[in-house]
Every structure is written in structure tokens, then in C-alpha cells.
Amino acid sequence: MKNEKAELFERMPVGKALLTMAVPTIISQLVTMIYNLADTFFIGMSNDPYKVAAASVVGVLFFMLNALANLFGVGGGSLLSRLLGKKQEHDARRVGAFSIYGSLAVAAAYSLVCFLFTEPLARLLGASDNTIGYAASYLFWVVVIGGIPSTVGLTMSHLLRSAGYSRESGLGLAIGGISNILLDPVFMFVLLPEGNEVTGAAIATLLSNVITLTYFLFTYHRLKGISVLTISPKYAHLERTLIREVFSIGLPSAITALLANTTSIVKNNLTAGYGDIELAAYGIVLKADMIPLNIGMGLCQGMMPLVAYNYACKNYPRMKSFTRAAQLAGMATACVFIAIFELFAPQIIWLFIRNEATIAYGTNFLRIACLATPFMISNFQKIYCLQAMGKGKESLILGICRQGLFAIPVLLIMNHFVGLYGVVSAQLISDGCTFIFSTLLYRRVYNSLQKEMDAVKA
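In this convention, every chain numbers its residues from 1, walking through the sequence in written order. Local features in this predicted model are restricted to residues whose pLDDT is 70 or higher, and side-chain atom pairs enter the listing and the counts only when it is 80 or higher, whereas totals over whole chains, interfaces and linings include all residues. Calculation of side-chain values draws on the structure's entire complement of heavy atoms; hydrogens and water are dropped beforehand.

Some points on helix H10 (residues 240-272)
Counted only if it meets this: A run of H or I in DSSP becomes a helix once it reaches four residues, and a run of E becomes a strand once it reaches two; helices and strands are each numbered from the N terminus. One less than the number of residues in a helix, times 1.5 Å, gives the span that helix is expected to have. What we call the bend at a residue is the angle made by axes fitted to the seven residues finishing there and the seven residues starting there.
Given a rise of 1.5 Å per residue, 33 residues ought to cover 48 Å, and the 47 Å separating the end C-alpha atoms of H10 matches this to within 8%. Remark: the principal bend of H10, roughly 25°, maps to phenylalanine 247.

Pasting the structure below:
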């Protein structure tokens, strides 16, 4: 591995190393968040609710691509960092190549399924006779044609970050996000005739993902010979033991992503039962709340390779310093945004909509929802740390508990007994419960590491 990357992982001051890895990731997370909202924003300019609904329906199938990328990107990336920490660079190179071609194969299979069963899948997710045509068009361009570039690009981004190239990883995602924002209006309102706004948005998303993948392919070529990253298929064969290690982390990450998507569907359906104004207000709150959460996720993703590397080379004190620094930064971020949201909630909702009733609901919702932010960021960090250490079983348990055991049941219970504000408060309660459980589980893992450190000192 290049000397400057060894310096980053092994000797650079903890705060500086974490900033080096996390800042580009945070920026790319925020840009990605904006571009994920771009399609909905521009389609909404058509003033056709059927087109907006169609894009929302297919968004669930598009989100599946992120889960597939996590399967190989997070699983392969965690193992790659740990192998680098053990100085097993040849195996790290093979794991990276396997992850790329594995994500390509799985994305191709998923895209084929979506092509063969387009209408049944769209209708299963809520498409009606009014929206099925738009949904089918969006699905074709974004998932059927665009599934491979989207999934492989995200996987390559994870692997770049895991090898210490966080800036290159973040830049690639940012280029894709900016491209999508620029291409959306061109295809929707200039190149395609009126009435094809959904198709235009889908083509813009496809092209932006192709641009991102092209950037990553060029970056891998540039790093050839000075890093373990490669796209050569001759390195893609792995023994079963290494494949199991990839999936032991990747599968829990993918399942957690799918459960999070399921929770969002349940949350939206429950809120919709109280009326359109309430649903609109809560939708705005969820968008505003994405800002601190994306910053927290960027911290987690920047921290993960540093923890994995130092865990593998048994430099536990440095590893613990990274986790502690990330926790402090995450809590500081949460506190700042809680203060902003509590003080300026009406003004924040006003930025999205001018309707007085929606602003009133949104103000109350935001002041409640933001209180869950410290627990959510802390829980994310614990899951990422466990994944970094190769603790697949523990991270899976924690992910299932957060989204399956706590989130959905709490949503249903609070909706039944409290009503609308119960749905809004459910995130605070479920992530608070998860925080207690995750702290106990995390402490048990760290206690075993402490015993190992004490044995080494003795």
C-alpha cells in the first residue's frame, strides 16, 4: 500500500485522519441527498400528481440497488480494510475485484427480474391505472437499464473509501449528483416533448450514474499499481472462506437497508391515514431531518475503514480513539441541529411550503422528530463499528432490532394508542430503545477487546 495511505491509517493524528476520511464522504452524502430529491422536485413542476406518485412507487425498487451495493461494497470494503491492516495486500486486491464483479452479476439479475415483471412489481407497490405507464417508463430507464452502472458505481465508491481514497470516492458521487441535477431539466423540459417528464427524469438519472461509473473506472485505472484496487477479472476468484467473510458483513448491511425501506413505507402509509396536509408536513420534516442524518452517515462511513484497519492490526487504542472521536463529532452535530430545528422550525418548514396549516403541523413534527437524532447517529456508529470489526452476527442483530424489533412495532402501537403524534414520536422511542440495547451489545464486544489488550500488556 502506498506510504501516504499507511500514514493515514497508522500514524496521522486521529482527528486529522478522521476529517480526511469523513469530510469528502459527508459532502458526497449531502450532494447525493440533494440529487435524490431532484427527480421529485422537477417532476413536481409538471403539476401532475400521477407522475409524482409513479416516481415515488418506483423509488422503492430503485432503493434496492443501494442494498445490493451494500452487500458487496460494505461487506467487501470492511474485509478489504482489515486485510490491509494485516498487510495481506494480495488478498485485499482479490476481495476488491470479487466485490465489483459480484455486484455486477447481482445487479444484472435484479434488472432482468424487474424487466420481466415490471407491471406486477409496480402494481404490488401501489401503482394504479393512472400511474402504471409512468412507473413502467421510470423503472425501465433507472433500474432495468441503469441498475448495473448504479450498483457497480456505488460498490466501487465503498471500496475506494475502504482503501483510504475517501476524497476520490466522495468526488465521484458528487459528480453524479450534480450531473443529475443539471440533466433533469434538460431532458424533462427541453429534449423530450411535453408529457414525458418522468421518462426525462429517468434518463437523466441513468446518465448521471453512467458518468459516476466512468469516473470510478478512470480512477481505478489511475491508481493501478499504487493501490490494491483493480478491475482485472483475473483477481475476482476467491476461496469460500473469504466469500463468507464478505457476506457475513455485506448481508446484514443489505438486510438493514431493506428493513429501513420497509419502515419508511409503513410510516408513510400510517401518516397518510390522517390526511394530505399531515402527510405533506411529515414528508417535509423527514427531508429536513435528512441533513444531520447524512452528516452522521458520512462520519460513520469515513470512520469505518480506519476502525477496520486498526482492528485488524490489533492497534486497539488507536481504533478506540477513532470511535470516540466519531462519537463526539456525531453528538456535537446532533446537538447543533436540535437547537436549529427547535428555534427555527417554522422558518424551515416555510422554505418548503407556504400553506399555514402545513407549516403549523410541520413545526410541531420537526420539534419532536429532531430529538431522535442523537440516538440515531449513535446507533448508526455502533452498527458501522461492528461491521468494521467483522462482527457480522452482532451488526445483523442490532440492525434487525432497530428496524424490525423496535421501529415497526413501536410505529403501530403508537399510532393505535396516541394517533398522529404517536407516529411522529415513534422514531424517538424506537431509537431510544435501540440505543440501550446497542450500548449493552457494544460494551460486551469492547470488554472482550479490553481483556485482549490487558493480556498483551501482561
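Thoughts on unusual backbone geometry
For the record, the criterion: A simple rule labels every residue: compare its accessible area, found with a 1.4 Å probe on the protein chains alone, to the largest value its type can have, and call it buried under 20%, exposed over 50%, or partly exposed in between.
A positive phi is found at lysine 87, a non-glycine position, where the angle reads about 65°. Within the element layout of this structure, lysine 87 appears in the loop between helix H3 (49-85) and helix H4 (89-116). The exposure class of lysine 87 is exposed, given its relative accessible area of 53%. In this structure, lysine 314 takes a positive phi of about 60° despite not being glycine. Relative to the helices and strands, lysine 314 is located in the loop between helix H11 (276-312) and helix H12 (316-352).

So, the state of the cysteines
Formally: Our working definition of a disulfide is a cysteine sulfur pair at a distance within 2.5 Å.
Applying the stated criterion across every chain, the model contains 0 disulfides. Here cysteine 335 stays unpaired: no disulfide links it, and the sulfur of cysteine 370, its closest cysteine neighbor, is 11 Å away. Given the relative accessible area of 0%, cysteine 370 is considered buried.

A word on empty space enclosed by the protein
The criterion, for reference: Residues are said to line a cavity or pocket when one of their atoms sits within 4 Å of a point; the points come from a 1 Å grid over protein atoms alone, cavities being sets where a 1.4 Å probe fits but cannot get out and pockets being open sets with protein on both sides within 12 Å along at least five of seven lines. Grid points are joined across faces, edges and corners, and a volume is the space filled by probe spheres set on the points.
Counted under the stated rule, the structure contains 1 cavity of 30 Å³ or more. Of the volumes computed, that of the largest cavity is approximately 80 Å³. As for the largest cavity, its lining consists of Gly73, Val74, Gly77, Ser78, His158, Arg161, Ser162, Gln301, Met304, Pro305 and Tyr384. Of all the secondary-structure elements, those providing two or more residues to the lining of the largest cavity are H3, helix H7 (147-162) and H11. In terms of residue count, H3 provides more of the lining of the largest cavity than any other element does, 4 residues in total.

Considerations on the packing of H7 against helix H8 (residues 166-191)
This is how the line gets drawn: Each axis is a line fitted through C-alpha atoms, taken for helices only over the stretch in contact, and angles between the N-to-C directions span 0 to 180 degrees. Roughly parallel here means an angle under 35 degrees, roughly antiparallel means over 145, roughly perpendicular means 65 to 115, and every remaining angle is called oblique. Left-handed describes a crossing whose near helix is turned anticlockwise from the far helix by less than a right angle; the clockwise case is right-handed. Two residues qualify as a contact provided that any one of their heavy atoms is within 4.5 Å of a heavy atom in the partner residue.
The interhelical angle for the contact between H7 and H8, taken along N-to-C directions, is 155°, at an axis separation of 7 Å. Between H7 and H8, the crossing angle belongs to the class labelled roughly antiparallel. Every pair of crossing elements has a handedness; the one defined by H7 and H8 is left-handed. Contact with H7, carried on its side by Leu154, Ser157, Leu160 and Arg161, involves Ser166, Glu168, Ser169 and Leu173 of H8 and no other residues of that element.

Let's talk about the packing of aromatic side chains
Put simply, the rule is: When the centres of two rings from Phe, Tyr and Trp lie within 6.5 Å, Trp using its six-membered ring, the rings pair. Their planes under 30 degrees apart give stacked, over 60 give edge-to-face, and anything left gives tilted.
All told, the structure shown has 11 aromatic pairs when counted by the stated rule. With a centroid separation of 4.5 Å and an interplanar angle of 15°, the aromatic rings of phenylalanine 9 and tyrosine 309 are classed as stacked. One end of the pair, phenylalanine 9, is in helix H1 (residues 3-10); the other, tyrosine 309, is in helix H11, and 300 residues separate them in sequence. Overall, the relative accessible area of 0% leaves phenylalanine 9 in the buried class.

Quick word on the packing of H4 against H7
Following both chains from N to C, one finds H4 and H7 inclined at 155°, their axes separated by 8 Å at the closest point. Between H4 and H7, the interaxial angle falls into the category roughly antiparallel. Regarding H4 and H7, the two cross each other, and that crossing is right-handed. Mapping the contact onto sequence places Gly96, Ser99, Ile100, Ser103, Leu104, Ala107, Ala108 and Ser111 in H4 and Gly147, Ile148, Thr151, Val152, Thr155, Met156 and Leu159 in H7.

Here's the deal with the environment of alanine 107
Structurally, alanine 107 is set in helix H4. Residue classification places alanine 107 among the buried residues on the basis of a relative accessible area of 0%. Distance from alanine 107 to valine 152, taken between C-alpha atoms, is 7.9 Å for residues 45 residues apart in sequence. Residues contacting alanine 107, with those up to four places away along its chain left out, are Leu68, Gly147, Ile148 and Thr151.

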